[in-house]
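Chains, contacts and geometry: an overview
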Amino acid sequence: MRDHGPEDERETWNKRYAEGEHMAFEPDPFLLAAYDDFIQPRFPKGGSALDVAGGLGRHAIWLAELRWRVTVVDISEIAFKKAQKKAEERGVKIEFLVRDLRSYQPERERYDLVLVFYYLQRELFHDLVEALKPGGLLIYKTYTHEQQNQREGPKNPLQLLTDNELLHSFPSLR
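What you see is a predicted model; the values in this text were computed from it and never measured. (Residues numbered from 1 in each chain as written. Predicted model: local features only at pLDDT ≥ 70, side-chain atom pairs only at ≥ 80, totals over all residues. Heavy atoms only, no water.)

A separate point is helix α4 (residues 77–90). Its 14 residues place the ends of α4 20 Å apart at the C-alpha level, agreeing with the 20 Å of an ideal helix rising 1.5 Å per residue. Residues A79, A83, K86 and A87 constitute the buried set of α4. Projected down its long axis, α4 carries its buried residues within an arc of 100°, all on one side. Residues of α4 that are exposed and point more than 90 degrees away from the buried face comprise K81, K85, E88 and E89. (Helix = DSSP H or I, 4+ residues; strand = E, 2+ residues; numbered from the N terminus. Expected span 1.5 Å × (residues − 1). Buried < 20%, exposed > 50% of the residue type's maximum accessible area, 1.4 Å probe, protein only. Arc of directions from axis to C-beta.)

What follows covers the packing of aromatic side chains. The full count for this structure, using the stated rule, is eight aromatic pairs. A centroid spacing of 6.4 Å and a plane angle of 50° characterise the contact between Y140 and F170, whose relative ring orientation is tilted. Here Y140 is found in strand β5 (residues 132–141), whereas its partner F170 is found in the segment after α6 (165–169), with 30 residues between them in sequence. Relative accessible area serves as the criterion here: at 11%, Y140 is assigned to the buried category. Among the aromatic residues, those joined into a cluster by ring pairs are F125, Y140 and F170. (Phe/Tyr/Trp six-rings, centres within 6.5 Å; stacked < 30°, edge-to-face > 60°.)

Another point: the environment of E95. Tracing the backbone through its elements, the reader meets E95 in strand β3 (residues 95–98). Between the C-alpha atom of E95 and that of D36, which follows or precedes it by 59 residues, the distance is 24 Å. Among the polar contacts made by the side chain of E95, one reaches the side chain of R110 at a distance of 3.5 Å. (Polar contact = N/O pair within 3.5 Å; in protein donor to acceptor, adjacent residues only side chain to side chain.)

Counted according to the given criterion, the structure contains eleven salt bridges. The partner of K86 in a salt bridge is E89, with the nearest N and O atoms 3.5 Å apart. Of this pair, K86 and E89 both sit in helix α4, three residues apart, which is roughly one turn of the helix. On the basis of relative accessibility, which here comes to 53%, the residue E89 falls in the exposed class. (Salt bridge = Lys/Arg side-chain N within 4 Å of Asp/Glu carboxyl O.)

Now for the nonpolar core. Core analysis: the largest hydrophobic core is formed by 28 residues, its most contacted members being I39, L63, W68, V70, I94 and L113. Of all the elements in the fold, those that place two or more residues in this core are α2 (29–42), α3 (58–65), β2 (69–74), α4, β4 (111–117) and β5. No other element matches α3, which puts five residues into this core. Apart from the residues within four sequence positions on either side, I94 is in contact with A60, I61, A64, V70, V72, A83, Q84 and A87. (Core = buried A, V, L, I, M, F, W, Y, C linked by side-chain atoms within 4.5 Å. Contact = heavy atoms within 4.5 Å.)

With parallel pairing, five strands are arranged side by side in an open sheet as β3-β2-β1-β4-β5. Looking at which strands have only one partner, the edges of the open sheet turn out to be β3 and β5. Direction aside, the axes of adjacent strands within the sheet are offset by 15° on average. Each of β4 and β5 is contacted by α2, which is oriented at about 165° to β5, the strand it contacts most. (Pairing = 2+ DSSP bridges. Axes fitted to C-alpha atoms, helices over the stretch in contact; angles between N-to-C directions.)

Pasting the structure below:
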């Protein structure tokens, strides 16, 4: 199996966004529940957030509407352009960084909230914790090994979490 470089990865995602795949702009229901239960009680006036592999910025735009200062990092310029257009339509600003996450390193202790939805790069785990301010929250949702039994979504075991892997990957968080 060939290792895809950053240009291959960028081309793949740019093509998917250009063709209209991944066009959802509504936040994931998991984020909505987590916001009510954990984020809003801890940060009632908002704060700073990092949306990792945020694509079209659906979570970033939603948070910005709630007065959060949000940075989205993703490899796709096409996603960036669409996210910026949608943010302008909704009257909010987001910072969008076009970066290859295999070499991206977020600033230490900059964010109150770090979001990761449907992206798994184990080498980034440490940097995600380091990016959080003391008392910050990490919200992570991705596929598990049980995904292999589903019709859609990733099947490669390297893209799937094992049982309790996230729990054990972030021992400094509670």
